[in-house]
Structure formats: structure tokens, C-alpha cells
Amino acid sequence: MASLIPFNKPFFAGKELHYIAQAVTLGNISGDGDFARRCVEVMQQRFQVHKILLTPSCTAALELSAMLLELQPGDEVIMPSYTFVSTANAFARMGAKPVFVDIRPDTLNMDERLVEEAITEKTKAIVPVHYAGVGCEMDLILTIADKYGLRVIEDAAQGVNAQYQNQYLGSLGDLGCYSFHETKNFICGEGGAICLNSEEFVDRAHVLRDKGTNRQAFFQGLVDKYTWCDIGSSFVLSELNCAFLYAQLEMFDEINQKRQQIYELYRQSLQPLEEAQLLRMPRIPEDCVSNHHMFYILLPSRAVRDGLMAHLKQQQISAVFHYIPLHSSPVGQSWGFQQGDLPVTEHCAECLLRLPFYYELTPEEQLRVISEIEIFLTSLVCQSLLPESLQVKNDSGPLDTP
């Protein structure tokens, strides 16, 4: 039997274990130690962010963002439905209502042309989600936000080290949020960061992140004792995680290069199937530089997607679909949304399949994945089970509706 090709596999890139041991030796493993400082310095310099604070997860960074905006019950926040639940949860737990808009059929990012019509007098913020490490159309989003006096929080969980118009994702909005979860490009198990792109947020972010105290000011000698001064939480990343993460950040270029190679092998090898209109591959606009976070394919229908996923599983290959759209979830429906509201989102969610993608994935394993995709899709054609009306359009437009 062929060996299993998992969807994801955590990896060592360099000195992770050495740095963890070093962190223990230094005697501070709770957080905000030497390795946290090193991580922050690397990212602030590379991404040109005013201030970065490490957090236990991207979820925590999003929650901290919502707290910094001082959202109130009844406020509205515009975001895509095709995203992880944390994007909505962070703002809903403050009493705000997510307002879901449809996505673009090419990048699967929030359709910037639909944002303005979703704005009401209750709207306080816009949350673009940079899907698959490809930047949203931030120029228009920021212009709309400025026109209506709204805040922009970038959910760049998948966008660490990706760019839009020569600026790094996470550095364009008022706030940005990163993830270092084990499924991301740079990992530490669970971890995240908040990008503070304006000085106005820095002091309060420190307080909220440190359980609502002015502890950081105390350590800096600015006050003679620290105390409770705001309603905060515990949003500090463990120093052990920071040590692991720093080893990965040291390998930025090597990890980037390897992921680009994996992405390009998929793209080049699957090109004939796209030309035959049997699938569609990701689109990267010219003004974006992807970090090659994932490689997905869009199939002609849910039946074809599910059939291919089952076929790959039989061949010991783990390929998975992605989000269940939030607007069609029980919580989304409780806010008045329903199936059919966002047709592009719903169709793409039914047709998308993510292929195995991780640092240690070998070309031989990739070619095995590609071969099985070819076998399955060409067999459907031979059996006349993939009629022309179900084929994928070979352009950046929407998929044909089944």
C-alpha cells in the first residue's frame, strides 16, 4: 500500500529545538522575553509595520483588534462569509453584527465592489480577509473606509509575507492580524500577532494584551508599580512558542523558496487539465505577490469535488475542502442570513479542494497527487460523466453553475 500523503505536516526549518532549550536556560518562558523581542524586530523591519505585538493566536489578535475599536452592541462590521469563524467571532463577542458580502470569483477575496452598498449608519469597520495569501483590492477598500470614516482590520492569517502593491499584508489597514498556526507558512504550533499601524493604538494595546494592566509601563520604569487600569485579557505568546517561531523567521527566504517551488509544480502540472476545462487553478493579480500559502483547485460541481476527494483518500492522499460559509451557519442564520444570499461564495465553497501542501512535501509526492487527479477527471470524461455544461470556465470569471 502506498504511504500516506497528509494534507499538512508541521516541520522544523532550522534551530527550533536549540532555541527552545536556550529560552529555558535564559529563565523566562512565560512571554515577552528575548525571543519575543527578536521575532518582533525581524517582522517589524521586514514588513514595515509600526508596531507588532505577539499573541497566542490570530483569533486573539482579532479579538484584541475588536477591543481596541471599542465596538458596542448593534455596531456592524463588514466581512466576507468565506472565512474562518474567528473573523466573525472576534467582533460578535463585542456585540457587533458581522455583515457578510460575497467574494470575487477569481481570488475568492471579498468583492470590494460590494462593500460600499453594505455600509449603513451602524457600520464601524471593514475586515478584508486575504484568502490563500493573495491580497484583497486594498486601494478601493481603504478609499471607501476613508470616505465613511471606518476602520480597516486586515485578517492576514494566511497572508504573512505576502504583498499588495509592494506593501506587506497586515501593514495597510489600521490593524492587521497574523497567524503562526501549524497549518501556516511560518509556525509555532499556535501563535499570532497584531500589527498596530498607528501610534494611537500602541499604549492601550499593551494594556489590553497584559490583562488590562500597565505592566509594560512598569517594566519600562515609567511607573513605580503596575495596576488594573482597563478591561483586558491574557494575550501574550509563550516564550517557548516565540523561540520556535524565531527559528522559522530566520529561514524566511528558504521557506518562501520551497513553498514557491511546490506551488509552481502544481500549477505547471495541472495546466493541461485547466486548459481542458476540467478544473480551475488559483488566480494571483498582477499587483499582488503571493506567499504561496496553499494550492486549491475548483471543480465543476460539488459531486465532482467530493468524488475526487474520496478517490484521493482511497489512494492515501489527504485533500480537503475549506470553509462552510458563515452566513449559512446556524449563527449566521440567526442574524437573518440564509442560503442563496451569496451565490459566488456558496458555489466556490462547494467546488473547492485544497491539495497537500507543506514544507517537506517532495516532488515525487506531488506528482503522485497530480497523477491521481488526472486519472479521476479523465475517467469522468471517458465515461461521459462530465458534460460540457458542468465544465469549468477557463478564465478568471465565475464557475459555471451546475
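Located above this text is the structure these notes cover.
Given the structure is predicted, the values throughout are model-derived calculations rather than measurements.

> Help me get a handle on the overall build of the protein, residues and values and all.
A count of helical and extended segments in the protein gives 14 helices and 12 strands. By the compact-globule yardstick of 21 Å for 402 residues, the protein fits well, its C-alpha radius of gyration being 22 Å. Each principal axis of the C-alpha atoms in the protein carries an extent, and together these give about 80 × 55 × 35 Å. Evaluated residue by residue, the protein yields a buried proportion of 56% over its 402 residues. Long-range contacts, defined as pairs at least 24 residues apart, comprise 71% of the intrachain contacts of the protein with a sequence gap of at least 6. Element-wise, carbon and sulfur atoms account for 51% of the exposed surface of the protein, whose accessible area totals about 17,000 Å². Side-chain charges in the protein split into 31 positive and 50 negative, and the spacing between the mean points of these groups amounts to 4 Å.

> I'd like a rundown of the packing of helix 2 (residues 34–47) against helix 9 (residues 239–249), residues and numbers included.
Across the interface, helix 2 lies against helix 9 with an axial gap of 8 Å and an inter-helix angle of 40°. When the axes of helix 2 and helix 9 are compared, the pair comes out oblique. Crossing of helix 2 over helix 9 shows left-handed handedness. In this structure, helix 2 contributes Asp34, Phe35, Ala36, Arg38, Cys39, Val42 and Met43 to the contact, and helix 9 contributes Glu239, Cys242, Ala243, Leu245, Tyr246 and Leu249. Looking at the contact of helix 2 with helix 9 residue by residue, the classes come out as 10 nonpolar, no polar and 3 charged.

> Explain the layout of surface pockets to me, and be specific about the residues and the numbers.
Counted as a void, the largest pocket has a volume near 520 Å³. Lining the largest pocket are 29 residues; nearest its centre among them are Phe84, Ser179, Thr183, Lys184 and Tyr323. If you list the elements that add at least two residues to the lining of the largest pocket, you get helix 3 (58–68) and helix 4 (85–92). Ranked by the residues each element gives to the lining of the largest pocket, the list is headed by helix 3, at 3 residues. Looking at the lining of the largest pocket, its residues break down into 10 nonpolar, 14 polar and 5 charged. The calculated volume of the second largest pocket comes to roughly 250 Å³. Every element with two or more residues in the lining of the second largest pocket is listed here: helix 2, strand 1 (51–55) and helix 7 (202–209). Of the residues contributing to the lining of the second largest pocket, the split by class is 5 nonpolar, 5 polar and 5 charged.

Reading the values: rules and limits
Here the residue numbers are simple positions, counted from 1 along each chain's written sequence. Residues qualify for local features only when their pLDDT is at least 70, as the model is predicted, and side-chain atom pairs are given and counted only at 80 or more; totals for whole chains, interfaces and linings, by contrast, use all residues. Side-chain metrics rest on all non-hydrogen atoms present in the structure, leaving aside hydrogens and water. Strands are runs of DSSP state E lasting at least two residues, helices are runs of H or I lasting at least four, and both sets are numbered from the N terminus onward. Atoms counted for the radius of gyration: C-alpha only. Globule rule: 2.2 Å times the number of residues to the power 0.38. Note on exposure labels: buried denotes an accessible area under 20% of the residue type's maximum, exposed denotes more than 50%, and partly exposed covers the range between, all computed with a 1.4 Å probe on protein chains only. It only takes one pair of heavy atoms within 4.5 Å for two residues to be counted as in contact. Values of accessible area rely on a 1.4 Å probe in the Shrake-Rupley scheme; residue burial ignores everything except the protein chains shown. Under the convention used here, Asp and Glu are negative, Lys and Arg are positive, and both His and the chain ends fall outside the count. Where a charge lies is defined by one atom per residue type, namely NZ (Lys), CZ (Arg), CG (Asp) and CD (Glu). Think of each axis as a best-fit line through the C-alpha atoms, taken over the contacting stretch in the case of a helix, with angles from 0 to 180 degrees between the N-to-C directions. Each angle is binned into one of four classes, with values under 35 degrees roughly parallel, values over 145 roughly antiparallel, values of 65 to 115 roughly perpendicular, and all other values oblique. By definition, any crossing whose near helix is turned counterclockwise from its far helix by less than a right angle is left-handed, and any crossing with a clockwise turn is right-handed. Side-chain classes follow a simple rule in which Ala, Val, Leu, Ile, Met, Phe, Trp, Tyr, Cys and Pro form the nonpolar group, Asp, Glu, Lys and Arg form the charged group, and the remainder, Gly included, forms the polar group. Each cavity reported here is a set of points on a 1 Å grid over the protein atoms alone in which a 1.4 Å probe fits but cannot get out, each pocket an open set with protein on both sides within 12 Å along at least five of seven lines, and each lining residue one with an atom within 4 Å of a point. Grid points are joined across faces, edges and corners, and a volume is the space filled by probe spheres set on the points.

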